[in-house]
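What follows is the residue order along each chain.
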Amino acid sequence: MKVLAAMSGGVDSAVAAARARDAGHDVVGVHLALSAKPATMREGARGCCSVEDSHDARRCADVLGIPFYVWDMAARFTADVVEPFVAEYASGRTPNPCLRCNEKIKFSAVLDRALALGFDAVVTGHYARLEHGMLRRAVDADKDQSYVLGVLTARQLAHAMFPLGDSPKSEVRAEAARRGLVVAEKPDSHDICFIPSGDTRGFLADRLEEAPGELVDATSGAVLGKHTGVAGFTVGQRHGLGLQSPAPDGRPRYVLGIEPVSRQVTVGAVEELDVRALSASAPVWHGEAGVTEDVVVQVRAHGGLAPARVTVSDEGLDAALDEPLRGVAPGQAVVVYSGDRVLGSATITATA
(Lines give C-alpha, C1' and ligand atoms only; values in the text may rest on other atoms or scores of the structure.)
Protein backbone atom coordinates (compact mmCIF):
# COMPACT_ATOMS: atom_id res chain seq x y z
CA MET A 1 0.00 0.00 0.00
CA LYS A 2 0.94 3.65 -0.27
CA VAL A 3 1.03 4.92 3.30
CA LEU A 4 1.69 8.21 5.03
CA ALA A 5 3.79 7.95 8.20
CA ALA A 6 3.14 10.70 10.73
CA MET A 7 6.61 11.36 12.16
CA SER A 8 6.68 13.47 15.33
CA GLY A 9 10.45 13.40 15.71
CA GLY A 10 10.28 10.75 18.41
CA VAL A 11 11.44 7.15 18.54
CA ASP A 12 8.00 5.51 18.28
CA SER A 13 6.88 7.16 15.05
CA ALA A 14 10.31 6.63 13.47
CA VAL A 15 10.28 2.89 14.16
CA ALA A 16 6.65 2.66 13.02
CA ALA A 17 7.65 4.22 9.69
CA ALA A 18 10.60 1.84 9.42
CA ARG A 19 8.41 -1.21 10.03
CA ALA A 20 5.89 -0.05 7.46
CA ARG A 21 8.69 0.31 4.90
CA ASP A 22 10.11 -3.13 5.77
CA ALA A 23 6.63 -4.63 5.31
CA GLY A 24 6.82 -3.60 1.66
CA HIS A 25 4.66 -0.50 1.75
CA ASP A 26 5.46 2.66 -0.20
CA VAL A 27 6.07 5.01 2.74
CA VAL A 28 6.18 8.82 2.78
CA GLY A 29 7.02 10.61 6.04
CA VAL A 30 5.28 13.76 7.17
CA HIS A 31 5.88 15.96 10.20
CA LEU A 32 2.91 17.95 11.46
CA ALA A 33 3.73 21.55 12.34
CA LEU A 34 1.10 22.18 15.01
CA SER A 35 2.38 25.40 16.55
CA ALA A 36 2.24 28.77 14.82
CA LYS A 37 5.33 29.78 16.83
CA PRO A 38 7.25 26.58 17.52
CA ALA A 39 10.07 26.61 20.03
CA THR A 40 13.50 26.07 18.56
CA MET A 41 14.46 23.36 21.04
CA ARG A 42 12.49 20.82 23.00
CA GLU A 43 12.27 21.19 26.78
CA GLY A 44 13.47 17.70 27.74
CA ALA A 45 10.48 15.37 28.01
CA ARG A 46 7.94 18.21 27.80
CA GLY A 47 6.10 19.35 24.74
CA CYS A 48 6.69 18.42 21.12
CA CYS A 49 6.46 19.94 17.64
CA SER A 50 9.57 22.08 18.11
CA VAL A 51 11.93 22.92 15.24
CA GLU A 52 14.29 20.36 16.78
CA ASP A 53 11.57 17.69 16.52
CA SER A 54 11.03 18.51 12.86
CA HIS A 55 14.75 18.15 12.19
CA ASP A 56 14.87 14.84 14.06
CA ALA A 57 11.99 13.51 11.97
CA ARG A 58 13.72 14.56 8.76
CA ARG A 59 16.99 12.91 9.82
CA CYS A 60 15.14 9.66 10.55
CA ALA A 61 13.41 9.79 7.17
CA ASP A 62 16.81 10.26 5.51
CA VAL A 63 18.19 7.18 7.29
CA LEU A 64 15.15 5.17 6.20
CA GLY A 65 15.42 6.46 2.64
CA ILE A 66 11.83 7.70 2.43
CA PRO A 67 10.48 11.03 1.13
CA PHE A 68 9.71 13.57 3.83
CA TYR A 69 7.46 16.64 4.06
CA VAL A 70 6.27 19.09 6.69
CA TRP A 71 2.56 19.87 6.76
CA ASP A 72 1.43 23.08 8.43
CA MET A 73 -1.55 22.11 10.61
CA ALA A 74 -1.17 24.94 13.14
CA ALA A 75 -4.42 26.75 12.35
CA ARG A 76 -6.47 23.53 12.32
CA PHE A 77 -4.81 22.33 15.56
CA THR A 78 -5.60 25.62 17.29
CA ALA A 79 -9.22 25.58 16.14
CA ASP A 80 -9.92 21.89 16.77
CA VAL A 81 -7.80 21.11 19.83
CA VAL A 82 -6.44 24.16 21.69
CA GLU A 83 -9.51 26.41 21.61
CA PRO A 84 -11.93 23.61 22.62
CA PHE A 85 -9.50 22.67 25.41
CA VAL A 86 -9.70 26.18 26.84
CA ALA A 87 -13.49 26.34 26.37
CA GLU A 88 -14.00 23.01 28.13
CA TYR A 89 -12.06 24.10 31.21
CA ALA A 90 -13.95 27.40 31.25
CA SER A 91 -17.17 25.34 31.31
CA GLY A 92 -16.04 23.30 34.31
CA ARG A 93 -15.17 20.17 32.33
CA THR A 94 -11.89 18.25 32.00
CA PRO A 95 -10.92 17.54 28.36
CA ASN A 96 -8.33 15.14 26.94
CA PRO A 97 -6.47 17.01 24.18
CA CYS A 98 -4.51 13.94 23.02
CA LEU A 99 -7.76 12.14 22.25
CA ARG A 100 -9.11 15.17 20.39
CA CYS A 101 -5.88 15.47 18.40
CA ASN A 102 -6.26 11.88 17.23
CA GLU A 103 -9.92 12.44 16.40
CA LYS A 104 -9.68 15.85 14.73
CA ILE A 105 -6.12 16.09 13.39
CA LYS A 106 -4.28 12.80 12.78
CA PHE A 107 -7.28 10.74 11.72
CA SER A 108 -9.44 13.49 10.26
CA ALA A 109 -7.52 16.41 8.78
CA VAL A 110 -4.38 14.40 8.01
CA LEU A 111 -6.19 11.24 6.96
CA ASP A 112 -8.59 13.15 4.70
CA ARG A 113 -5.69 14.90 2.97
CA ALA A 114 -3.77 11.64 2.69
CA LEU A 115 -6.71 9.85 1.05
CA ALA A 116 -7.23 12.76 -1.32
CA LEU A 117 -3.57 12.47 -2.35
CA GLY A 118 -3.92 8.78 -3.12
CA PHE A 119 -2.58 7.25 0.09
CA ASP A 120 -4.25 4.14 1.49
CA ALA A 121 -3.50 4.59 5.20
CA VAL A 122 -1.87 6.70 7.89
CA VAL A 123 0.83 5.08 10.04
CA THR A 124 1.48 6.30 13.58
CA GLY A 125 3.64 5.23 16.51
CA HIS A 126 0.72 4.59 18.84
CA TYR A 127 0.86 1.50 21.02
CA ALA A 128 -2.32 -0.32 20.02
CA ARG A 129 -3.29 -3.23 17.79
CA LEU A 130 -5.69 -3.59 14.88
CA GLU A 131 -7.12 -7.02 14.11
CA HIS A 132 -9.79 -7.44 11.43
CA GLY A 133 -10.73 -3.79 11.77
CA MET A 134 -11.06 -4.01 15.56
CA LEU A 135 -8.99 -1.86 17.91
CA ARG A 136 -7.28 -3.77 20.73
CA ARG A 137 -4.92 -2.98 23.59
CA ALA A 138 -1.18 -3.08 22.97
CA VAL A 139 0.94 -5.96 24.25
CA ASP A 140 2.89 -3.51 26.42
CA ALA A 141 0.26 -2.63 29.04
CA ASP A 142 2.35 0.25 30.41
CA LYS A 143 2.45 1.94 27.00
CA ASP A 144 -1.03 1.00 25.76
CA GLN A 145 -2.68 3.96 23.98
CA SER A 146 -5.93 2.37 22.89
CA TYR A 147 -7.77 4.71 25.29
CA VAL A 148 -6.84 7.84 23.32
CA LEU A 149 -7.71 6.04 20.07
CA GLY A 150 -11.09 4.83 21.30
CA VAL A 151 -12.85 7.78 19.68
CA LEU A 152 -11.90 6.67 16.15
CA THR A 153 -14.66 5.51 13.83
CA ALA A 154 -14.68 2.28 11.83
CA ARG A 155 -13.81 4.28 8.70
CA GLN A 156 -10.82 5.89 10.38
CA LEU A 157 -9.58 2.58 11.76
CA ALA A 158 -9.88 1.04 8.28
CA HIS A 159 -7.22 3.51 7.10
CA ALA A 160 -4.93 3.32 10.15
CA MET A 161 -1.78 1.31 10.88
CA PHE A 162 -0.18 0.82 14.31
CA PRO A 163 2.99 -1.23 13.76
CA LEU A 164 4.16 -1.04 17.40
CA GLY A 165 1.20 -2.72 19.08
CA ASP A 166 2.91 -6.09 19.49
CA SER A 167 6.17 -4.73 20.94
CA PRO A 168 7.36 -3.53 24.36
CA LYS A 169 8.92 -0.06 24.44
CA SER A 170 12.36 -1.47 25.29
CA GLU A 171 12.32 -3.48 22.06
CA VAL A 172 11.35 -0.39 20.05
CA ARG A 173 14.27 1.62 21.45
CA ALA A 174 16.70 -1.24 20.80
CA GLU A 175 15.45 -1.51 17.24
CA ALA A 176 15.88 2.23 16.70
CA ALA A 177 19.48 1.95 17.88
CA ARG A 178 20.18 -0.97 15.51
CA ARG A 179 18.74 1.05 12.64
CA GLY A 180 20.98 4.00 13.45
CA LEU A 181 18.11 6.36 14.22
CA VAL A 182 19.28 9.38 16.20
CA VAL A 183 16.12 9.37 18.33
CA ALA A 184 16.76 5.94 19.89
CA GLU A 185 17.31 7.42 23.36
CA LYS A 186 15.21 10.57 22.96
CA PRO A 187 12.88 11.09 25.97
CA ASP A 188 9.18 10.46 25.48
CA SER A 189 6.88 13.48 25.48
CA HIS A 190 4.85 14.00 28.64
CA ASP A 191 2.09 16.35 29.68
CA ILE A 192 0.17 18.41 27.12
CA CYS A 193 2.19 19.04 23.97
CA PHE A 194 1.08 22.66 23.55
CA ILE A 195 1.87 23.49 27.20
CA PRO A 196 5.58 22.60 27.39
CA SER A 197 5.93 24.39 30.74
CA GLY A 198 3.47 21.93 32.30
CA ASP A 199 1.62 24.87 33.88
CA THR A 200 -1.94 24.23 32.69
CA ARG A 201 -3.44 26.70 35.16
CA GLY A 202 -1.12 29.46 33.95
CA PHE A 203 -1.84 28.62 30.31
CA LEU A 204 -5.57 28.95 30.93
CA ALA A 205 -5.21 32.11 33.02
CA ASP A 206 -3.46 33.80 30.08
CA ARG A 207 -6.43 33.05 27.84
CA LEU A 208 -9.43 33.55 30.11
CA GLU A 209 -10.68 36.56 32.02
CA GLU A 210 -10.94 36.25 35.78
CA ALA A 211 -14.35 35.02 36.95
CA PRO A 212 -14.21 34.96 40.78
CA GLY A 213 -16.21 32.45 42.74
CA GLU A 214 -16.36 30.56 46.01
CA LEU A 215 -14.93 27.32 47.36
CA VAL A 216 -17.70 25.62 49.33
CA ASP A 217 -17.72 22.65 51.71
CA ALA A 218 -19.96 19.91 50.30
CA THR A 219 -21.32 18.87 53.71
CA SER A 220 -21.81 22.12 55.61
CA GLY A 221 -22.17 24.56 52.73
CA ALA A 222 -19.63 26.83 54.43
CA VAL A 223 -17.57 29.12 52.22
CA LEU A 224 -13.95 28.07 52.64
CA GLY A 225 -12.23 30.42 50.22
CA LYS A 226 -12.30 32.34 46.96
CA HIS A 227 -10.96 31.60 43.51
CA THR A 228 -10.42 33.57 40.29
CA GLY A 229 -12.02 31.11 37.88
CA VAL A 230 -13.31 27.54 37.61
CA ALA A 231 -10.81 26.82 34.84
CA GLY A 232 -8.15 26.40 37.50
CA PHE A 233 -9.80 23.26 38.90
CA THR A 234 -10.61 19.68 37.99
CA VAL A 235 -12.54 17.00 39.85
CA GLY A 236 -10.23 15.05 42.15
CA GLN A 237 -7.75 17.91 42.53
CA ARG A 238 -6.13 18.16 45.98
CA HIS A 239 -3.35 20.73 45.75
CA GLY A 240 -3.51 24.43 44.97
CA LEU A 241 -7.09 24.91 46.15
CA GLY A 242 -6.42 28.13 48.08
CA LEU A 243 -8.48 27.10 51.13
CA GLN A 244 -8.40 29.46 54.08
CA SER A 245 -8.81 26.82 56.79
CA PRO A 246 -8.15 23.06 57.19
CA ALA A 247 -10.88 20.46 57.56
CA PRO A 248 -12.04 19.90 61.18
CA ASP A 249 -10.61 16.38 61.10
CA GLY A 250 -7.34 17.57 59.56
CA ARG A 251 -7.79 15.46 56.45
CA PRO A 252 -7.15 16.81 52.93
CA ARG A 253 -10.00 18.20 50.87
CA TYR A 254 -10.57 17.43 47.20
CA VAL A 255 -12.53 19.08 44.41
CA LEU A 256 -15.84 17.23 44.14
CA GLY A 257 -17.72 19.38 41.65
CA ILE A 258 -17.51 22.50 39.50
CA GLU A 259 -20.50 24.70 38.64
CA PRO A 260 -19.54 27.12 35.85
CA VAL A 261 -22.71 29.28 36.03
CA SER A 262 -22.54 30.07 39.75
CA ARG A 263 -18.75 29.66 39.61
CA GLN A 264 -18.93 27.54 42.74
CA VAL A 265 -16.29 24.86 43.38
CA THR A 266 -17.38 22.18 45.86
CA VAL A 267 -14.79 20.41 48.01
CA GLY A 268 -14.91 17.52 50.45
CA ALA A 269 -13.36 14.30 51.71
CA VAL A 270 -11.75 11.78 49.40
CA GLU A 271 -14.57 9.25 49.96
CA GLU A 272 -17.01 11.68 48.40
CA LEU A 273 -15.17 11.30 45.09
CA ASP A 274 -16.49 7.76 44.67
CA VAL A 275 -18.44 7.35 41.44
CA ARG A 276 -20.63 4.30 40.86
CA ALA A 277 -22.45 5.38 37.71
CA LEU A 278 -21.82 7.71 34.79
CA SER A 279 -23.56 9.02 31.71
CA ALA A 280 -21.86 10.02 28.49
CA SER A 281 -22.78 11.56 25.14
CA ALA A 282 -21.68 11.33 21.49
CA PRO A 283 -20.83 7.63 21.54
CA VAL A 284 -18.60 6.07 18.91
CA TRP A 285 -19.63 2.44 19.16
CA HIS A 286 -18.25 -0.66 17.45
CA GLY A 287 -20.22 -3.29 19.36
CA GLU A 288 -23.93 -4.02 19.32
CA ALA A 289 -26.28 -1.38 20.72
CA GLY A 290 -28.29 -2.21 23.82
CA VAL A 291 -27.07 -3.58 27.14
CA THR A 292 -23.48 -4.82 27.36
CA GLU A 293 -22.40 -6.83 30.39
CA ASP A 294 -19.04 -8.23 31.53
CA VAL A 295 -17.15 -5.23 30.19
CA VAL A 296 -14.57 -2.86 31.66
CA VAL A 297 -14.71 0.93 31.43
CA GLN A 298 -11.63 3.15 31.49
CA VAL A 299 -11.86 6.87 32.28
CA ARG A 300 -8.21 7.94 32.11
CA ALA A 301 -5.34 7.24 29.72
CA HIS A 302 -3.58 5.24 32.43
CA GLY A 303 -5.61 3.64 35.20
CA GLY A 304 -9.19 4.39 36.16
CA LEU A 305 -10.64 0.99 35.22
CA ALA A 306 -13.70 -0.78 36.61
CA PRO A 307 -15.97 -3.67 35.60
CA ALA A 308 -19.34 -2.33 34.53
CA ARG A 309 -22.72 -2.91 32.94
CA VAL A 310 -23.14 -0.55 30.00
CA THR A 311 -26.26 0.56 28.14
CA VAL A 312 -25.62 2.28 24.82
CA SER A 313 -27.84 3.89 22.19
CA ASP A 314 -27.34 6.36 19.33
CA GLU A 315 -27.87 9.22 21.79
CA GLY A 316 -25.67 8.22 24.72
CA LEU A 317 -24.08 5.72 27.04
CA ASP A 318 -24.78 4.84 30.67
CA ALA A 319 -22.49 2.72 32.83
CA ALA A 320 -23.21 1.15 36.23
CA LEU A 321 -19.85 0.39 37.83
CA ASP A 322 -19.21 -2.77 39.86
CA GLU A 323 -16.45 -0.94 41.73
CA PRO A 324 -16.31 2.81 42.48
CA LEU A 325 -13.88 5.05 40.63
CA ARG A 326 -12.50 8.36 41.87
CA GLY A 327 -11.62 11.56 40.08
CA VAL A 328 -14.12 11.05 37.26
CA ALA A 329 -14.96 14.39 35.67
CA PRO A 330 -17.39 15.55 32.96
CA GLY A 331 -15.45 16.10 29.75
CA GLN A 332 -13.29 13.02 30.16
CA ALA A 333 -13.71 10.12 27.78
CA VAL A 334 -15.04 6.76 28.89
CA VAL A 335 -13.76 3.87 26.77
CA VAL A 336 -15.45 0.47 26.98
CA TYR A 337 -13.48 -2.77 26.62
CA SER A 338 -14.45 -6.40 26.19
CA GLY A 339 -11.24 -8.16 27.14
CA ASP A 340 -8.59 -6.27 25.19
CA ARG A 341 -10.99 -5.14 22.45
CA VAL A 342 -12.32 -1.57 22.32
CA LEU A 343 -16.10 -1.59 21.94
CA GLY A 344 -16.42 2.19 21.83
CA SER A 345 -16.14 5.47 23.65
CA ALA A 346 -18.16 8.52 24.66
CA THR A 347 -17.70 11.84 26.49
CA ILE A 348 -18.72 11.83 30.16
CA THR A 349 -21.51 14.31 30.96
CA ALA A 350 -22.54 13.33 34.51
CA THR A 351 -21.57 11.06 37.40
CA ALA A 352 -23.33 9.65 40.45
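Everything here concerns the structure above.
Just so you know, these numbers come straight off a predicted model, no measurement behind them.

*Asks:* Would you take a moment to explain the pattern of salt bridges for this structure?
*Replies:* As a working rule, side chains carrying opposite charge can pair if their charged atoms are close by. Tallied over the entire structure, the rule returns 26 salt bridges. With a closest N to O distance of 3.3 Å, Arg-59 and Asp-56 form a salt bridge. With Arg-59 and Asp-56 both in helix H2 (residues 51-64) and three residues apart, the pair spans about one turn of that helix. The class for Arg-59 is partly exposed, based on a relative accessible area of 45%. Among the salt bridges present, the one from Asp-188 reaches Lys-169, with a minimum N-O distance of 2.6 Å. With Asp-188 in the loop between helix H7 (169-178) and helix H8 (200-205) and Lys-169 in helix H7, this residue pair connects regions lying 19 residues apart in the sequence. In this structure, a network of salt bridges that share partners links the residues Arg-19, Arg-21, Asp-22, Glu-171, Glu-175 and Arg-179.

*Asks:* Where do I start with H7 in this structure?
*Replies:* Structural remark: α-helix, 3.6 residues per turn; residues separated by three or four positions point the same way. All of the buried residues along H7 are Lys-169, Val-172, Arg-173, Glu-175 and Ala-176. Seen along its axis, H7 keeps its buried residues to an arc of 160 degrees; they face one direction. Exposed residues on H7 whose side chains face more than 90 degrees from its buried face are Ser-170 and Arg-178. If you follow the buried residues of H7, they end up packed against helix H1 (11-22). Two residues or fewer after H7 comes Gly-180, characterised by a positive phi angle close to 75 degrees.

*Asks:* Even after reading the chapter, I still don't get helix H3 (residues 74-90), so can you show me in this structure?
*Replies:* An ideal rise of 1.5 Å per residue puts 24 Å on 17 residues; H3 measures up with 22 Å between its terminal C-alpha atoms. Along H3, the sharpest change in direction is near 30 degrees and occurs at Pro-84. For H3, every residue scored as buried is listed here: Ala-74, Phe-77, Val-81, Val-82, Phe-85, Val-86, Glu-88 and Tyr-89. Summarising the contacts, the buried residues of H3 are in contact with strand E2 (26-33), strand E3 (68-72), helix H4 (97-116) and H8. One or two positions beyond H3, positive phi appears at Gly-92, with a value near 80 degrees.

Scoring rules and cut-offs
- In every chain, residue numbers begin from 1 and rise along the written sequence.
- Two thresholds apply to this predicted model, a pLDDT of at least 70 for residue-level local features and 80 or more for giving and counting side-chain atom pairs, whereas whole-chain, interface and lining totals are computed over all residues.
- Hydrogens and water are ignored here; the side-chain numbers use all heavy atoms of the structure.
- Note on definitions: salt bridges are taken to be side-chain nitrogens of Lys or Arg within 4 Å of carboxyl oxygens of Asp or Glu.
- Only DSSP runs of H or I with at least four residues qualify as helices, and only runs of E with at least two residues qualify as strands; both kinds are numbered from the N terminus onward.
- For every residue, the accessible area obtained with a 1.4 Å probe (protein chains only) is divided by the maximum for its type, and the residue is called buried under 20%, exposed over 50%, and partly exposed between those limits.
- It is the directions from the helix axis to the C-beta atoms that the arc portrays.
- Whether two residues touch is decided by their heavy atoms; if any such pair falls within 4.5 Å, the residues are in contact.
- The span expected for a helix works out to 1.5 Å for each residue beyond the first.
- Values of bend correspond, residue by residue, to the angle between axes fitted over the seven residues ending at that residue and the seven starting there.

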